[in-house]
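In case you want the letters, here they are:
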Amino acid sequence: MTLTLLLLTLFTFSFSAIAPASSQCSITGLPLVRNISEIHQDNYGRPGLSHITVVGSLMHGMKEVEVWLQTFAPGSHTPIHRHSCEEVFIVLKGSGTLYLASDSNGKYPGKPEEHFVFANSTFHIPINDAHQLWNSNEQEDLQVLVVISRPPVKVFIYEDWSMPHSAAKLKFPYYWDEQCYQVPNNKKDEL
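Residues numbered from 1 in each chain as written. Predicted model: local features only at pLDDT ≥ 70, side-chain atom pairs only at ≥ 80, totals over all residues. Heavy atoms only, no water.

By the naming in an unreviewed UniProt entry, the protein is Actin binding protein, taken from Stylosanthes scabra. Annotation of the protein in UniProt includes, under Subcellular location (unreviewed entry), the sentence "Endoplasmic reticulum lumen". (UniProt positions renumbered as here; feature names shortened; annotations may be inferred.)

Have a look at this one:
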């Protein structure tokens, strides 16, 4: 399936707006088919990263799935992290290294397995398995299409692979969801 066909399929879902129409967090007036080069992209303070939320829960009202297009410059990487959702990657171009620690039931992630990823490969991350993606290719960008379940994502970040799971720092909403996240009306401060 080509990227274009995949994206057209994703945009056939019915969306429901969850933010005011004046915000980029609304789908009011959003065309069914969009040009990816015209969608907002940012590095969210992470040098070497270009992130585009192609379609998202907070930004577009998706309930079951969210899709990102991420490009990593040579040497850039994600933090070591885990989340309580499934994640699927499709490598569109470049190559890199996936580090995956599959011991989500232990006290800490432990030594990760290394997996080489390359253009036209795909891989998935099981729920709560700590992982990290590196563009270990010094010559070209690593570009991936990422699909997550159960958005918006709640990310637990580790300083290293020996950090206890209980000490991982929760980041929610995640950087690209911050602008669109709204605290529900029934979640008021108790003071």
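That shown, we press on.
### Examining the sheet that holds strand β9 (residues 142–149)
Reading across from one edge, β1-β2-β9-β4-β7 is the order of the five strands in this open sheet, with antiparallel pairing throughout. In the strand order of this sheet, the two ends are held by β1 (49–55) and β7 (122–125), each with one partner. Mean inter-strand twist for the sheet, computed between neighbouring axes without regard to direction, equals 20°. As judged from the four bridges shared by strand β4 (residues 87–93) and β7, these two strands associate in the antiparallel manner. Opposite Phe-89, over in β7, you have Phe-123 as the bridge partner. (Pairing = 2+ DSSP bridges. Helix = DSSP H or I, 4+ residues; strand = E, 2+ residues; numbered from the N terminus. Axes fitted to C-alpha atoms, helices over the stretch in contact; angles between N-to-C directions.)

### Looking at the nonpolar core
In this structure, Phe-89, Leu-98, Phe-123, Leu-133, Val-144 and Val-153 are the most contacted members of the largest nonpolar core, which totals 21 residues. Looking at this core, the elements with two or more residues in it are β2 (65–72), β4, β5 (95–101), β7, β9 and β10 (155–158). Apart from the residues lying within four places of it in its own chain, the contact partners of Val-153 are Trp-68, His-83, Cys-85, Ile-148, Phe-172, Tyr-174 and Asp-177. By size, the runner-up hydrophobic cluster in this structure holds 10 residues, among which are Ile-36, Val-54, Met-62 and Val-65. (Core = buried A, V, L, I, M, F, W, Y, C linked by side-chain atoms within 4.5 Å. Buried < 20%, exposed > 50% of the residue type's maximum accessible area, 1.4 Å probe, protein only. Contact = heavy atoms within 4.5 Å.)

### As for the side chain of Glu-66
Locating Glu-66 in the fold gives a position in strand β2. A polar contact of 2.8 Å, which involves the side chain of Glu-66, links it to the side chain of Trp-68. (Polar contact = N/O pair within 3.5 Å; in protein donor to acceptor, adjacent residues only side chain to side chain.)

### Re the pairing of β5
Within β5, six of the seven residues are buried, which leaves the element mostly enclosed by the surrounding structure. In this structure, β5 lies alongside strand β6 (residues 113–118), joined through six bridges in antiparallel fashion. For Ser-95, the partnering residue across the bridge sits in β6 and is Phe-118. With five bridges joining them, β5 and strand β8 (residues 130–134) adopt antiparallel strand pairing. Bridge assignment links Ala-101 to a residue of β8, and that residue is Ala-130.

### A word on unusual backbone geometry
Residue Pro-151 is joined to Pro-152 through a cis peptide bond whose omega torsion reads -5°. Secondary-structure assignment places Pro-152 in the loop between β9 and β10. Residue Asn-120 is not a glycine yet carries a positive backbone phi of 75°. Considering the arrangement of structural elements, one finds Asn-120 in the loop between β6 and β7. Owing to a relative accessible area of 74%, Asn-120 belongs among the exposed residues under this scheme.

### Some details on the packing of aromatic side chains
Enumeration according to the criterion identifies three aromatic pairs in this entry. Seen from their ring centres, Phe-89 and Phe-123 are 4.5 Å apart, and the 10° between their planes marks the pair as stacked. Within this pair, whereas Phe-89 is found in strand β4, its partner Phe-123 is found in strand β7, the two being separated by 34 residues in sequence. Residues Phe-89 and Phe-123 agree in their burial class; the two are buried. Between Tyr-174 and Tyr-175, the aromatic rings sit 4.9 Å apart at their centres with planes inclined by 65°, giving edge-to-face as the arrangement. What makes Tyr-174 buried here is its relative accessible area of 4%. Against the face of Phe-172 rests Lys-154, its NZ or CZ located 5.1 Å from the ring centre. Above the face of the Tyr-175 ring, Lys-171 is positioned so that its terminal group lies 4.6 Å from the ring centre. (Phe/Tyr/Trp six-rings, centres within 6.5 Å; stacked < 30°, edge-to-face > 60°. Lys NZ or Arg CZ within 6 Å of the ring centre and 35° of its normal.)

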